[in-house]
Amino acid sequence: MAQKPSIPKGTRDFSPEDIAKRDYIIDIVKKHFKVFGFQPIETPAFENSDTLMGKYGDEGDRLIFKILNSGDFISKVDDVTYSSKDSKSLTPKISDKALRYDLTVPFARYVVMHQNEIDFPFKRYQIQPVWRADRPQKGRFREFYQCDADVVGANSLLQEIELIQLYDAVFTDLKLEGVTIKLNNRKILAGIAEVIDAKNNLVNFTVALDKLDKIGADGVQKEMLAKGISEQSIKKADPLFALSGSNTDQLAVLKKFLADSEQGMSGVEDLEYITNSIDDLGLQSTQLALDVTLARGLNYYTGAIFEVAAPEGVQMGSIGGGGRYDDLTGIFGLKDVSGIGISFGLDRIYLVLEELGLFPEILHKSLEVLCINFGGKESMASLKLANQLRKHGIRADVYPSNAKMQKQMKYANNRNVPYVILIGEKEMMNNSFVVKNMASGEQNTFSLENPAVFFKNL
RNA sequence: GUGGUUGUAGCUCAGCUGGUUAGAGCGCUGGAUUGUGGUUCCAGAGGUCGCCGGUUCGAAACCGGUCUUCCACCCCA
């Protein structure tokens, strides 16, 4: 062998068993997307750079994979830019396309481009890979799948409630118990910043607050101080660090805390309405937990913020996230269209299901029946029988060559085939076939005249 | 992008402070078993020790670089 081939860092091959498991998740997610009235779209793997750049903050820009222009792109760069050795100014001259970074921004672009053919409110789902030039870690890849459901053109809180129920429906169907849907509202965060006099430091404040469960109150306060938030402001925020108890308890505290902030109170009202409605409607297996420290996607979320945490005891970052964005399409020239969406992190859900052993056993059975090949007329009879089985939707195959029985049986065993069929010389003579149950070792003979006797209760 | 970590057979991993021909289990191939897998027994194949360079009489081991793995930070699904 020459040099061993490899794949880029953070990417993966998916083998048949992986695909079976991924399809299992995708099928369930898709099923509920459809049942909730979402319609599928797909967008290109790469977009024009200016569609993506600047939409995810500086950090996001860094993580976007840029695609080099075709042709002799370097000769078209002017000497000043070329010799400046500055990637930031050089990049736009040699690259005008980039790989999709998430599904939300391309969707916003799609809505604006197709606004005249879309019936609003528009509920769309999209399951496609996205790419980030991040450094890989557990559950973090450079190519991974997102499964998004978004509603645009509807700004009632009913959407928030519905999407929480959608999360619940999917995780219940996946038999993944103990998932927590964390809920916050950007208006709450803005209100807090207002009340504690840190309005112009909102992002730094929330990013630091987000780390509360990770680095503790001390760590958060230290970071806030370092980011230029005054000691008085941090002191005023003190009640937040101790916030705990039921959703109702927390809301009561917030109501007092945010009394002087119009925006904050509006956020409290939203959360109150959502949590009350969910209490009313009920959730099957997930739980909804208010979390004022939650601060994701600040670059475009304006209202609700969601984040889905794996069951306790599983070491995994969030397995889903989303929120409301009042003006996402505004950046592409379509004003006043409110949107809200959630995302399922397929690859992380996969890892969680794997860790908890929640994939159904049936996924391992890629083939239900294998016919042993005895060559000649016998193999033709097997092929005929296999075709009859296939017509009834049974996954059946004939071993492709007249190899040793031992080898064929071993193949069936390794592939987890539950039934092996033998049609040899003996069986040909009396027009029959033998079925071996691989789990029990039991063998039964059936007539080739009426194979349905065998397969009717498969 | 910053700091650390890992890489030895198809897989999981041993391999001592540098010393002859680099090991195990599982898997694979063949046989015991010419119509029976999964259990058992016997035999066998399979490695430029991630890659490039350096130190040394001698490197899987030490040093430098590079790629990769995983982890923390940043950020995120």
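All values reported here derive from a predicted model rather than from experimental measurement. Each chain carries its own residue numbering, running from 1 in the direction its sequence is written. Each chain takes a letter, starting from A, and each ligand takes a number, starting from 1, following the order in which they are written. In keeping with the predicted nature of the model, local features appear solely for residues at pLDDT of at least 70, side-chain atom pairs appear and are counted solely at 80 or more, and the whole-chain, interface and lining totals rest on all residues. Computation of side-chain values: all heavy atoms of the structure, hydrogens and water removed.

## Re the domain arrangement of chain A
Under the convention used in this document: What fixes the domain bounds is an automatic or database domain assignment.
As far as domains go, chain A holds domain 1 (16–40 + 157–356) and domain 2 (366–455). Inter-centroid distance (C-alpha atoms) of domain 1 to domain 2 is 54 Å.

## Observations concerning the nonpolar core
Which entries qualify depends on this criterion: Throughout this description, the term nonpolar core refers to a set of buried Ala, Val, Leu, Ile, Met, Phe, Trp, Tyr and Cys residues connected via side-chain atoms within 4.5 Å. Think of it in three bands: with a 1.4 Å probe and only protein chains considered, a residue is buried below 20% of the maximum accessible area for its type, exposed above 50%, and partly exposed in between. Helix and strand definitions follow DSSP, with helices as H or I runs of at least four residues and strands as E runs of at least two, each counted in order from the N terminus. Contacts are residue-level and defined by heavy atoms, with any inter-residue pair within 4.5 Å sufficient.
Of all hydrophobic cores here, the largest spans 100 residues; its most connected members are Ile25, Phe33, Phe171, Leu174, Ile319 and Phe344. In terms of residue count, the dominant contributor to this core is helix α7 (residues 158–173) (eight residues). Aside from chain neighbours lying at most four places away, what touches Phe344 is Val29, Phe33, Tyr145, Gln146, Cys147, Leu166, Tyr167, Val170, Phe171, Ile319, Gly320 and Ile349.

## Quick word on the side chain of Asp347
Quick reminder of the rule: Pairs of N or O atoms within 3.5 Å make up the polar contacts considered here, provided that, within protein, one atom can donate a hydrogen while the other can accept it, and that residues adjacent in sequence are counted only when both atoms are side-chain atoms.
Residue placement: Asp347 occurs in helix α15 (residues 346–356). Look at Asp347 and you get buried, because its relative accessible area is 3%. Polar contacts involving the side chain of Asp347 include one to the side chain of Arg12, which spans 2.8 Å. With residues near it in sequence (within four places) discarded, Asp347 still touches Arg12, Phe14, Arg22, Phe141, Phe144 and Tyr145.

## Brief notes about the packing of helix α1 (residues 16–35) against α15
Heads up, the rule is: Note on geometry: axes are lines fitted to C-alpha atoms, helical ones only across the stretch in contact, with angles between N-to-C directions running from 0 to 180 degrees. What sets the label is the angle itself: under 35 degrees gives roughly parallel, over 145 gives roughly antiparallel, 65 to 115 gives roughly perpendicular, and the rest give oblique. Classification used: nonpolar for Ala, Val, Leu, Ile, Met, Phe, Trp, Tyr, Cys and Pro, charged for Asp, Glu, Lys and Arg, polar for all others including Gly.
Interhelical geometry of α1 versus α15 gives an angle of 110° and a closest axis separation of 10 Å. As far as their axial angle goes, α15 and α1 are roughly perpendicular. Each of Asp18, Lys21, Arg22, Tyr24, Ile25 and Ile26 in α1 lies in contact with α15, whose residues at this interface are Leu346, Asp347, Ile349, Tyr350, Leu353 and Glu354. Class assignment of the residues belonging to the contact of α1 with α15 gives a composition of seven nonpolar, no polar and five charged.

## Some thoughts on the packing of aromatic side chains
Selection rule: Stacked, tilted and edge-to-face are the three classes assigned to paired rings of Phe, Tyr and Trp, where Trp is represented by its six-membered ring and a pair needs centres within 6.5 Å; plane angles under 30 degrees give stacked, over 60 edge-to-face, the rest tilted.
Under the criterion given, the structure shown has 19 aromatic pairs. Centre to centre, the rings of Phe33 and Phe344 are 5.8 Å apart; their planes meet at 55°, and the pair counts as tilted. Of this pair, Phe33 sits in helix α1 while Phe344 sits in strand β11 (residues 339–345), and the two are 311 residues apart along the sequence. In this structure Phe344 comes out as buried when scored by relative accessible area, which is 0%. Considering the side-chain rings of Phe433 and Phe454, the 6.0 Å spacing of their centres and the 75° angle between planes classify their relative orientation as edge-to-face. Taken together, the residues span a long stretch of sequence, with Phe433 in strand β15 (residues 432–437) and Phe454 in helix α19 (residues 452–455) at a distance of 21 residues.

## A word on the pairing of strand β7 (residues 180–185)
Here is the rule we go by: Strand pairing is assigned whenever DSSP identifies at least 2 bridges connecting the two strands.
Counting buried positions along β7 yields six of six residues, so the element is predominantly enclosed. Covered by surrounding structure in β7 are Thr180, Lys182 and Asn184 together with Ile181, Leu183 and Asn185, the residues of both alternating faces. Pairing geometry for β7 and strand β8 (residues 287–290), over four bridges, is parallel. By the bridge assignment, Ile181 is partnered in β8 with Leu288. Sheet topology places β7 next to strand β9 (residues 304–309); six bridges connect them, and they run antiparallel. Counterpart to Thr180 in the pairing with β9 is Ala309.

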